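Architecture and fold: a report
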Amino acid sequence: AASAKLLGAMLLDARDSDLARLALDPAPGAAIDVLFTTALGKTSGRTRLGVINSIARRRIETAVTALIGLLADKDAATATAAARALGEIATPAAAAALRSAKAPAPGILGHARLQATHRLPVADAQRLLRELQDDTGLPAHLRAGAFRRSLDLDPSTAATRIVQLLSGNDWTFKQAALEALAGSLKPGDVAALPAKLS
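Quick summary incoming for the structure in this document. (Residues numbered from 1 in each chain as written. Predicted model: local features only at pLDDT ≥ 70, side-chain atom pairs only at ≥ 80, totals over all residues. Heavy atoms only, no water.)

Focus: the nonpolar core
Going by this rule: Think of a nonpolar core as a cluster: buried Ala, Val, Leu, Ile, Met, Phe, Trp, Tyr and Cys residues, connected wherever their side-chain atoms sit within 4.5 Å. Exposure classes here rest on a 1.4 Å probe applied to the protein chains alone. A residue is buried below 20% of its type maximum, exposed above 50%, and partly exposed in between. Segments assigned H or I by DSSP are reported as helices when at least four residues long, segments assigned E as strands when at least two residues long, and all are numbered from the N terminus. A contact between two residues is defined here by any heavy atoms of the two lying within 4.5 Å.
Phe36, Ile55 and Leu67 are the most contacted members of the largest nonpolar core, which totals 31 residues. Those elements that place two or more of their residues in this core are helix H1 (2-11), helix H2 (17-24), helix H3 (30-40), helix H4 (45-58), helix H5 (64-70), helix H6 (76-89), helix H7 (92-100) and helix H8 (106-116). No other element matches the six residues that H6 contributes to this core. Not counting the four nearest positions on each side in its chain, Ile55 is found in contact with Phe36, Leu40, Ile60, Ala63, Leu67 and Ile89. In this structure, Ala90, Ala125, Leu128 and Ala146 belong to the second largest nonpolar core, which totals 12 residues.

Some remarks on the packing of aromatic side chains
The condition that has to hold: Each Phe, Tyr or Trp ring, with Trp reduced to its six-membered ring, pairs with another whose centre is within 6.5 Å; inter-plane angles below 30 degrees give stacked pairs, above 60 give edge-to-face pairs, and intermediate values give tilted ones. We call a charge positioned above a ring when the Lys NZ or Arg CZ atom is no farther than 6 Å from the ring centre and deviates by at most 35 degrees from the ring normal.
Under the criterion given, the structure shown has one aromatic pair. For Lys174, the ring lying beneath its charged end belongs to Trp171, and the centroid distance is 4.0 Å.

With respect to helix H10 (residues 140-153)
Residues three or four positions apart in an α-helix share a direction because the helix packs 3.6 residues into each turn. Let me state the cut-off plainly: In this analysis, the expected span of each helix is defined as 1.5 Å times one less than the number of residues it contains.
Taking 1.5 Å per residue, 14 residues should reach 20 Å; H10 reaches 20 Å between its end C-alpha atoms and fits that length. Within H10, burial applies to Leu142, Arg143, Ala144, Ala146, Phe147, Arg148, Arg149, Ser150 and Leu151.

Examining unusual backbone geometry
Comment: phi is negative for the bulk of residues other than glycine, and the bulk of peptide bonds are trans. Cis peptide bonds are those with omega within 30 degrees of zero, and the linkage from Ala103 to Pro104 qualifies with 0°. Within the element layout of this structure, Pro104 appears in the loop between H7 and H8. You will see that Arg59, though not glycine, has its phi angle at about 50°, which is positive. Structurally, Arg59 is set in the loop between H4 and H5.

Here's the deal with the pattern of salt bridges
It is possible for side chains of opposite charge to pair when their charged atoms get near one another. Keep this limit in mind: The salt bridge criterion pairs a side-chain nitrogen of Lys or Arg with a carboxyl oxygen of Asp or Glu, the two atoms within 4 Å.
In the structure shown here, the tally under the stated rule is 13 salt bridges. Its salt-bridge partner being Arg46, residue Asp18 comes within 2.5 Å of it at the nearest N-O pair. Taken as a pair, Asp18 in helix H2 and Arg46 in helix H4 lie far apart in primary sequence, 28 residues in all. Using a relative accessible area of 28% as the deciding quantity, one classes Asp18 as partly exposed.

Things to note about helix H9 (residues 122-134)
Where we set the bar: Note that the arc is defined by the directions from the helix axis to the C-beta atoms.
Along its 13 residues, H9 runs 18 Å from first to last C-alpha, staying within 8% of the 18 Å computed at 1.5 Å per residue. Along H9, the positions that sit buried rather than exposed are Ala125, Gln126, Leu128, Leu129, Leu132 and Gln133. Relative to the axis of H9, the buried residues are bounded by an arc of 165° and lie together on one face. Facing away from the buried side of H9, by more than 90 degrees, are the exposed residues Ala123 and Asp134. Here the buried face of H9 lies against H7, H8, H10, helix H11 (158-166) and helix H12 (171-180).

See the structure below:
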């Protein structure tokens, strides 16, 4: 308890915060999570960015509400770090916040949403991936990344979906579909693809 109190105070200090995070990051327990969530509301600038990164690494679910409030922070680095942390924590509340947020930039939010699909339940992840694929306001590489991830989550439909894309005109998605041939299909599916293509 005495060490935690000392390290909690160090978290708030611009000079000592990194040292405190090195000691606290690997330490398990809700009491340590409380130190980080408390520090989040009492720090700013580079020190707060470090605290947010630790919260992301630890996936502290109790920090979600505070992180949501930082999505609209006037400091772009803080807003970006908050979005990335929410993507790492990936609770339904975190995913919902990323879906409805207006800031930071769409590409940053899209990347965080894509990251969240690695920890969400499969049905929630699939729904989010469909939204990302259909969102024409996102950079093409993120939409293609969502398609590629969706193939891994549902390999039973991968061959059919790859054929549909290879028969279309979207070259960004075609590239993702070709790359997926190596990892998303069963061996027999690859041999059967040429017969399905024009």
